[in-house]
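Listed below are the residues making up each chain.
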Amino acid sequence: MSRPLLITDCDEVLLHMVSHFRAWLDEAHDIEFTADGGDFSNAMKRRIDGSYLSRTEMWPLLGGFFDTEMHRQTLVPHAREALAGIAGFADVVILTNLEDHRQAHRVEQLRTFGIDYPVVTNQGGKGTPVARLLDQYGPSAAVFVDDLAHHHQSVAETTPDVWRLHMISEPSLAPNVPAAAHAHARIDDWREAAVWIREKFAVQAHN
């Protein structure tokens, strides 16, 4: 019988990113970063004149962070242990929205934290790559974990039978972001999330 499949995001789910991105923008670019949700538009302001960066200006900075500053990122509490426990009875895949040339860097980054599972890079909505993973693994049940609401909508529209868990592990963001409408649950702590995931796998596996 096929194993269940956990598909999880990385940034703000397994690794903290926003807090370190904020510090880097401050130190290296004299930019103030204030994010009250998953949308970074109007979140970056130049200290020199108070002007906001456009989306066109924002994306190269995000790319620059992942090119040179990934070493700053830190592990989300209990994430490694939760994945290790789940991997005892399920397959685990990390689906991360990075450009493909950064895939090897993400693999090595996660390995330094003791997280060593297949890493799939993606751009855009995650519904299509989740569908591909389901075809590849043929799991008895699947759970998708992500911090961004639009990815839950994408997965709900493409593969509605997948259980969807909304998680934001960054304390500075979580209180300001409502639960994703297309997720089945919102849990921001991996100890509680692991229990929920195990329950969903057991329920669906026996249907």
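Look above for the structure.
The following paragraphs examine the structure supplied in this document. This one's a predicted model, so the numbers in the text were calculated from it and none came from an experiment. (Residues numbered from 1 in each chain as written. Predicted model: local features only at pLDDT ≥ 70, side-chain atom pairs only at ≥ 80, totals over all residues. Heavy atoms only, no water.)

### Examining the packing of helix 5 (residues 127–137) against helix 6 (residues 149–158)
For any two helices packed against each other, the geometry comes down to the angle between their axes and how far apart the axes lie. It is at 8 Å that the axes of helix 5 and helix 6 come closest, and there the two elements cross at 50 degrees. Judged by the angle between their axes, helix 5 and helix 6 are oblique. Every pair of crossing elements has a handedness; the one defined by helix 5 and helix 6 is right-handed. Of the residues in helix 6, those in contact with Gly-127, Thr-128, Val-130 and Ala-131 of helix 5 are Ser-154, Val-155 and Thr-158. The residue makeup of the contact of helix 5 with helix 6, split by class, is three nonpolar, four polar and no charged. (Axes fitted to C-alpha atoms, helices over the stretch in contact; angles between N-to-C directions. Helix = DSSP H or I, 4+ residues; strand = E, 2+ residues; numbered from the N terminus. Parallel < 35°, antiparallel > 145°, perpendicular 65-115°, else oblique. Left-handed = near helix turned anticlockwise from the far one by under 90°. Contact = heavy atoms within 4.5 Å. Nonpolar A, V, L, I, M, F, W, Y, C, P; charged D, E, K, R; others polar.)

### What to know about the sheet that holds strand 1 (residues 5–8)
Strands sit in the order 7-6-1-8-9-10 across an open sheet of six strands; the sheet is parallel. The open sheet has two edge strands with one neighbour each: strand 7 (119–121) and strand 10 (185–186). Pairing geometry for strand 1 and strand 8 (residues 142–146), over four bridges, is parallel. Residue Leu-5 lies in a different strand from strand 8, and its bridge partner there is Ala-142. (Pairing = 2+ DSSP bridges.)

### With respect to the side chain of Thr-8
Counting through the fold element by element, Thr-8 comes out in strand 1. Judged by relative accessible area, which is 0%, Thr-8 ranks as buried. Excluding anything up to four places from it in sequence, Thr-8 contacts Val-13, Leu-14, Val-93, Ile-94, Leu-95, Val-145 and Trp-190. (Buried < 20%, exposed > 50% of the residue type's maximum accessible area, 1.4 Å probe, protein only.)

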